[in-house]
Amino acid sequence: MTQPSSAPLSAPWASRAGERRFWLAGALGALVLAAGLAAAHYMEVHGHAVTGMSNRIVWGVPHVFAIFMIVAASGVLNVASVGSVFGQPVYKARARLSGLLAVALLAGGLTVLMLDLGRPERIVVAATHYNLRSIFAWNVLLYSGLFAIVALYLWTLMERRLNAYSKYAGLAALVWRIVLTTGTGLIFGFLVARQAYQSAVLAPMFIAMSLAWGMAIFLIAQAALFAWQGRALDPAIRRRMARLLGVFVAAVLYFVLVYHLTNLYFARQVEFTRFILASGGAYPLLFWLGYVFVGSLVPLLLLFHPRSDDDRTVIVASTLVIVGAFAQLYVFIIGGQAFPLELFPGYAASSTFFDGAIAAYRPSLAEILLGFGGLALALVAAVVGVRVLPFMPEDDRRVVAAGSGAGE
Amino acid sequence: MSEREPVERDQAPSPSRRGFLAAVAAAAAGVMIAPGIRLIELAAARPAGEPASGAVRWGLLIDTTRCARGCEDCVAACARENALERRGETSVAETQRPQWIRKIELKELATGRELSLPMMCQHCARPPCVDVCPTGASFKRADGIVLVDQHRCIGCRYCMMACPYQARSFVHEPLARQNPAVPRGKGCVEGCTLCVHRVDRGLAPACVAACAEAGHGAMLFGDLNDPASAISRRLREVASVEVRADLRLGTGVRYQGI
């Protein structure tokens, strides 16, 4: 362990200001969470009629939030993997925080997913009836399993007598989350009839997305917690982690490029790709401006620019990556459904059920509140966790100095 | 049309003498080969408590050349039979209103040829909705009818994402009136049941009955596994296709004249 023996168990808040910020974050989170739960109750009583979702856009903004959190949960755990499995001391010191954030995000994402069900009270049915041909059912098992594995992993990290086993628990978590994010990508990859999905590349693309989004969240959480405690983060550590985020952002761009290039090459996919990338109104705008420019190119510039190396730059870059992630998921999930199913190639179709037409979608306030409620749940869980248990990274200066020159 | 007419008479007004003899021969063969099956073929009504038979595969043949543009008799009959809300009968957005069957108007881009046809659950032999359903609420009966168990559906809508035909609807609002034979509920996914409650009583689906009653005769219902059924005989005679045959789902609904 890199944790010095003199380090306090539960990280104290160095100043009154830090203490205030902790309570403020907790209170704000609780408030948004309450609003989210109220929105879910409203949707439950009135049905999905009070959302912008329809028989064409069956998954709306709640799914954008839920999938963001579930994918990011897997990715944020990568920090722990780099430490425990690949033996990087700087990352190992962050393994606990990484595990806590993973559990918090997963809880937030699953809560949104569950509360957006038509019959959330039947969740027990989902827990007791499994159709093993369904990737959704597999994911129910994978998500529950991740909670258990991360809990076990955190135990081996916190209990000194079990420290020796943390490497194995970390390896199990690494394998599990790769399978899990593959499963999340394949929720879409297995949809044979939809032009936007039905592609095996979605599985590795989701893994790259998880690494980028998880790292961005970790960097923001780390910077905030260090600031609240009045501690300074070693610039060498920050630089290493920021560059790694840059590599992940570039990897996502690569997969997105391959995905769209493949679609452009197939004549039957050209019309859909044109819709998403050029003619589809809000979707191309969100894609190019939101995802490509704001969410990828600007962060890459910030992260790799030799002179922009401070806390604020890393926080801004990470925030932009998250903004880009939401833009990307919105285009992927909602834009993918907005484009009509092609039942009769070579024919123009019309019907009372909007065949052949681009589906309109405007998210309602309830949906948006539910989504933010999930994020707030993750925030509250993380803030409380850090407060009551020793999750904060404690860097050993000698290790940092020795490893500062090494890349990832 | 009388509600009590057996299935085969619904759309086969005057079976030829030749057809009749073939049916008798097939039935006689059935007696010798598998006595249990014969009863189902002759009298489609299924006694309560007896499971659906895998020897039967219910299917539809739609003759698009007889399906008139703008005619919505089948759609109206479906709504009546299953107590679905029609346009203007509900306050939800039109995109949120369940539609188990809809008329699609088509125009071939290369030639300008126009046609009209009803689209509903295609009752696939290998249904994607059944594959993806996490709880097994989406299921296929032994006789090929694809249904949603309204007591097991959690409303995740994954089946709606998976269906290539946009054949399923989500109930977006609390429901007031229902047909006791057709359970529905807020927050569940639903779709064409092929009027399973009528089929089990030996009747044709409501859309087929309405189409025949109005004299269009554009829909033919019957047992695809029975070589002597009117639908099997017609399918042998005319060219018909599955919609999105490239997906190899083995639809129970086929179209003629596309």
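How each quantity is defined
- Residues numbered from 1 in each chain as written.
- Chains lettered and ligands numbered in written order.
- Predicted model: local features only at pLDDT ≥ 70, side-chain atom pairs only at ≥ 80, totals over all residues.
- Heavy atoms only, no water.
- Contact = heavy atoms within 4.5 Å.
- Buried area = accessible area lost by both parts, 1.4 Å probe.
- Salt bridge = Lys/Arg side-chain N within 4 Å of Asp/Glu carboxyl O.
- Polar contact = N/O pair within 3.5 Å; in protein donor to acceptor, adjacent residues only side chain to side chain.
- Helix = DSSP H or I, 4+ residues; strand = E, 2+ residues; numbered from the N terminus.
- Nonpolar A, V, L, I, M, F, W, Y, C, P; charged D, E, K, R; others polar.
- Pairing = 2+ DSSP bridges.
- Core = buried A, V, L, I, M, F, W, Y, C linked by side-chain atoms within 4.5 Å.
- Buried < 20%, exposed > 50% of the residue type's maximum accessible area, 1.4 Å probe, protein only.
- Axes fitted to C-alpha atoms, helices over the stretch in contact; angles between N-to-C directions.
- Left-handed = near helix turned anticlockwise from the far one by under 90°.

Enquirer: So what exactly am I meant to see when it comes to the interface of chain B and chain A here?
Expert: It is common to give the size of an interface as the accessible area that goes away when the parts come together. Facing 58 residues of chain B, the contacting portion of chain A comprises 52 residues. Per-residue buried area on chain B facing chain A is highest for B:Tyr158, B:Met161 and B:Gln166; these three make up 17% of the total on that side. Along the contact surface separating chain B from chain A lie 3 salt bridges. For B:Arg157, the salt bridge identified is with A:Asp116, shortest N-O distance 2.9 Å. Counting across the chain B and chain A interface gives 35 residue pairs in polar contact (both at pLDDT 80 or more). Counting only elements with at least two residues in the side of chain B that touches chain A, the list comes to β2 (101-108), β3 (114-120), α5 (128-132), α6 (158-162) and β6 (168-170) of chain B. Top element by residues in the side of chain B that touches chain A is β2(B). It accounts for 7 residues. Grouping the amino acids of the side of chain B that touches chain A by side-chain chemistry returns 29 nonpolar, 12 polar and 17 charged. Bridge count between strand β1 (residues 347-351) of chain A and β2(B): 5 bridges; the pairing is antiparallel.

Enquirer: Which parts of the structure should I look at to understand the nonpolar core?
Expert: For soluble globular proteins, nonpolar side chains are generally found buried alongside one another. Within the largest apolar cluster, 191 residues are counted, with the highest numbers of intra-cluster contacts made by A:Phe68, A:Phe188, A:Trp213 and B:Tyr158. Considering every element that reaches this core, the biggest residue donor is helix α9 (residues 202-228) of chain A, with 18 residues. The residues touching B:Tyr158, leaving out its near neighbours within four places in the chain, are A:Trp59, A:Ile135, A:Phe136, A:Leu186, A:Ile187, A:Phe188, A:Leu191 and B:Val132.

Enquirer: Whenever I open this one, the packing of helix α10 (residues 235-265) of chain A against helix α12 (residues 282-304) of chain A confuses me. Can you help?
Expert: Angle between the axes and distance between the axes: these two values describe a pair of packed helices. Residue and element names in this part refer to chain A. Running from N to C, α10 and α12 cross one another at 145°; their axes reach a closest spacing of 9 Å. Considering the relative orientation of α10 and α12, their crossing is left-handed. Contacts from Ala242, Arg243, Leu245, Gly246, Val247, Val249, Ala250, Val252, Leu253, Val256 and His260 in α10 reach Phe287, Tyr291, Gly295, Ser296, Leu297, Leu300, Leu303 and Phe304 in α12. For the contact of α10 with α12, a count of residues per class yields 14 nonpolar, 4 polar and 1 charged.

Enquirer: Just to check I follow, could you spell out the pairing of strand β10 (residues 253-256) of chain B for this structure?
Expert: Both faces of the sheet carry side chains from a regular strand, because those side chains alternate between them. All names here are of chain B. Pairing between strand β1 (residues 58-63) and β10: 4 bridges, direction parallel. Along β10, the bridge assignment pairs leucine 60 with valine 253. Bridge count between strand β9 (residues 240-241) and β10: 2 bridges; the pairing is antiparallel. In the strand pairing of β10, valine 241 is matched with tyrosine 255.

Enquirer: Help me understand the environment of B:Ala45, please; the structure alone is not making it clear to me.
Expert: All names here are of chain B. Within the secondary structure layout, alanine 45 lies in the loop between α3 (35-42) and β1. Its relative accessible area of 40% is what places alanine 45 among the partly exposed residues. Among all residues touching alanine 45, those that are not within four sequence positions of it are Asp200, Arg201 and Gly202.

Enquirer: When you look at the pattern of salt bridges in this model, what are you seeing that I'm missing?
Expert: Pairing between side chains becomes possible if they bear opposite charge and their charged atoms approach one another. Going through the model one piece at a time under the given rule, you end up with 21 salt bridges over all chains. One salt bridge in this structure joins B:Arg102 and A:Asp355, with 2.5 Å as the shortest N-O distance. Remark: A:Asp355 occurs in the loop between β1 and α14 (365-388) and B:Arg102 occurs in strand β2; the pair is interchain, linking two chains. By relative accessible area, which is 1% here, B:Arg102 ends up buried. The class of A:Asp355 is buried, set by a relative accessible area of 6%. Connected through salt bridges with shared partners, the residues B:Arg69, B:Glu105 and B:Glu114 form a single ionic network.

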